[in-house]
Amino acid sequence: MERITLPLAEDARVELEIGGPLTLKGWDRDEARLEVSDPEQLETEDRDGALFIRCGIGLSLAVPEGVSIAAEQIGGSANLKNIYGEIHIERVGGSLNLKLTNDVNIENIGGSANIKAVEGNVHLGTVGGSLNVKAIAGDVSVEDVAGSTNLKAIEGNLAIRQARGTVNLRDAGPDVDINTRGNASLQLNSLDNGEYRIESNGNVFCKLRTADSAEVNLHSGAGSMHIQSEEGSQSLHSHDHQLVFGDGTAKVDIHAAGSVTLDTRTSGKGFSLDIDFDEDFAEDWENFAYDITEQISGQMEGQLEELNQKLEQMRERLHKSTDRGLRQAERQIERAQRRLHRRLSTPRPPRPPRPPRPVRPVKKSDPVTESERLSVLQMVQKKQISVDEAEMLLNALEGKPYKAASPEAPAAPEAAVEAEEPSDE
């Protein structure tokens, strides 16, 4: 493997033609580093101020974080991370893994696509396999997905022109337009007074918050509907049905060739924490900030403001750091605060009183594993979170009630050994 280093400005443009797989990451250096097994396959030149790179085989490339990327062809799979300039790719021959980026525009992906933590908008043309999209600050639009589609935490508008498999959606807004040949499962926790249209050739399950003001229009080609509410359940042998909550400001249209199930209950199974701890604190902070927010808001809405204040304190502390990983964590906290702001600013009309229900025992979560506990302790040792914040995280993982931080938390102990120098890999 031969390594080549070239000077490159932070706001430069890189144009690529890659015959094999590509690994591309952003770093905090004013240079590009290329790694290739056969230098004879590599060609670089300056084209009108842009760095042009052609490689007949696979390539590993590191560039400044703010660089814009344009690629005609990536012959194999593509893995991109920490690129905050614009990304435009005509074709990826294999699968795509992309996270911690800004605006993304990719016309054709031969395999599956996994996209996570994008600051801007995402546009995808055709996706040859499955599609997984999570934590997008802007809009998401997709032309065609051959496999299943899973979407979570889309802050902007969402448009899926054609999905050939099942579609699973959790949280999007304010406008959603989905067309799928398979089944659809939707969980919309805040409607934001927008318009939501779902058309499916299969069955549709939809969970809504009835505290939102919404007009819901249901169509079942099979003439089979099941509606669950706080007052009970009912089955309808009808092709069309309408429900109106509040002033009916938001519009929800569900059109299914099969059956339709609508669940408007606030009780039932709560959210689960699906935090995957690893050595990349900045990457996992977004998962924690989002999922802990959902868990706590489902249990006690009144404590969201206090959580928002804690996130603001953490963000200010990270803002003063010069560590690149912590600056990435700051971006993720800002994204979580935007979700909290939407939930806090959305007015909730008062609900009619209901008869008291018998108290049911709280179902506890699985115990915290040793690896999870060690990850939290390591974050305390590195002073990435405080002792009180670590206790809050561990309590949430164990399903215990959230506790406010004590007025005077003891200082985190110094790490017993020096942290390893982060690698470039």
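The structure this text deals with has already been given above.
Residues numbered from 1 in each chain as written. Predicted model: local features only at pLDDT ≥ 70, side-chain atom pairs only at ≥ 80, totals over all residues. Heavy atoms only, no water.

### Some thoughts on the side chain of Gln228
Inclusion rule: Helical segments are the DSSP runs of H or I of at least four residues, strand segments are the runs of E of at least two, and each set is numbered from the N terminus. Only heavy atoms enter the contact rule, under which two residues are in contact if any of them lie within 4.5 Å.
Secondary-structure assignment places Gln228 in strand S25 (residues 225-229). When sequence neighbours within four positions are dropped, the list of residues in contact with Gln228 reads Ser233, Leu262, Asp263, Thr264 and Arg265.

### What about the environment of Ile136?
Threshold: Exposure classes here rest on a 1.4 Å probe applied to the protein chains alone. A residue is buried below 20% of its type maximum, exposed above 50%, and partly exposed in between.
Looking at the secondary structure, you find Ile136 in strand S15 (residues 131-136). Residue classification places Ile136 among the buried residues on the basis of a relative accessible area of 0%. Taking the C-alpha atoms as reference points, Ile136 and Glu155, separated by 19 residues in sequence, lie 6.1 Å from one another. Contacts of Ile136, omitting those with residues within four sequence positions, involve Ile115, Ala117, Val118, Gly120, Val122, Ala153, Ile154, Glu155 and Gly156.

### Digging into unusual backbone geometry
Positive phi values are uncommon outside glycine, yet Leu100 reaches one of about 55 degrees. Along the chain, the position of Leu100 falls in strand S11 (residues 96-101). Its identity as a non-glycine residue notwithstanding, Asp171 has a phi of 75 degrees, on the positive side. On the accessibility criterion, Asp171 (10% relative accessible area) is buried.

### Quick word on the pattern of salt bridges
Pairs can form between side chains of opposite charge once their charged atoms are near each other. Inclusion rule: Each salt bridge in this description consists of a side-chain nitrogen of Lys or Arg and a carboxyl oxygen of Asp or Glu lying within 4 Å of one another.
Tallied over the entire structure, the rule returns 13 salt bridges. Close ionic contact of Glu199 with Arg197 constitutes a salt bridge, the shortest N to O distance being 2.4 Å. One salt bridge connects Glu215 with Lys251, and the closest N-O pair in it is separated by 3.3 Å. With Glu215 in strand S24 (residues 214-220) and Lys251 in strand S28 (residues 250-256), this pair connects stretches of sequence that are 36 residues apart. Three or more residues are tied together by salt bridges with common partners; here these are Arg3, Arg33 and Glu35.

### Description of the nonpolar core
We count it as follows: Grouping buried Ala, Val, Leu, Ile, Met, Phe, Trp, Tyr and Cys residues that are joined through side-chain atoms within 4.5 Å yields what is termed a nonpolar core.
In this structure, Val14, Leu59 and Leu61 are the most contacted members of the largest nonpolar core, which totals 77 residues. Considering every element that reaches this core, the biggest residue donor is S28, with four residues. Beyond its immediate stretch of four places on either side in the chain, Leu59 contacts Ile18, Pro21, Leu22, Thr23, Leu34, Glu35, Val36, Leu42 and Ile53. Within the second largest apolar cluster, six residues are counted, among which are Val376, Met379, Ile385 and Ala390.

### Points about the environment of His88
Here His88 lies in strand S10 (residues 87-92). In this structure His88 comes out as partly exposed when scored by relative accessible area, which is 30%. Sequence separation between His88 and Asp103 is 15 residues; the distance between their C-alpha atoms is 8.5 Å. Excluding its chain neighbours within four sequence positions, the residues that come into contact with His88 are Ile69, Ala70, Ala71, Asn105 and Glu107.

### With respect to the packing of aromatic side chains
The criterion, for reference: Stacked, edge-to-face and tilted are the three classes for Phe, Tyr and Trp ring pairs, Trp counted by its six-membered ring, which pair at centre distances within 6.5 Å; planes under 30 degrees apart are stacked, over 60 edge-to-face, the rest tilted. Whether a charge sits over a ring depends on NZ of Lys or CZ of Arg being within 6 Å of the ring centre and within 35 degrees of the ring normal.
Taken as a whole and assessed by the stated rule, the structure comprises zero aromatic pairs. Positioned over the ring face of Phe52 is Arg47, at 3.6 Å from the centre of the ring.

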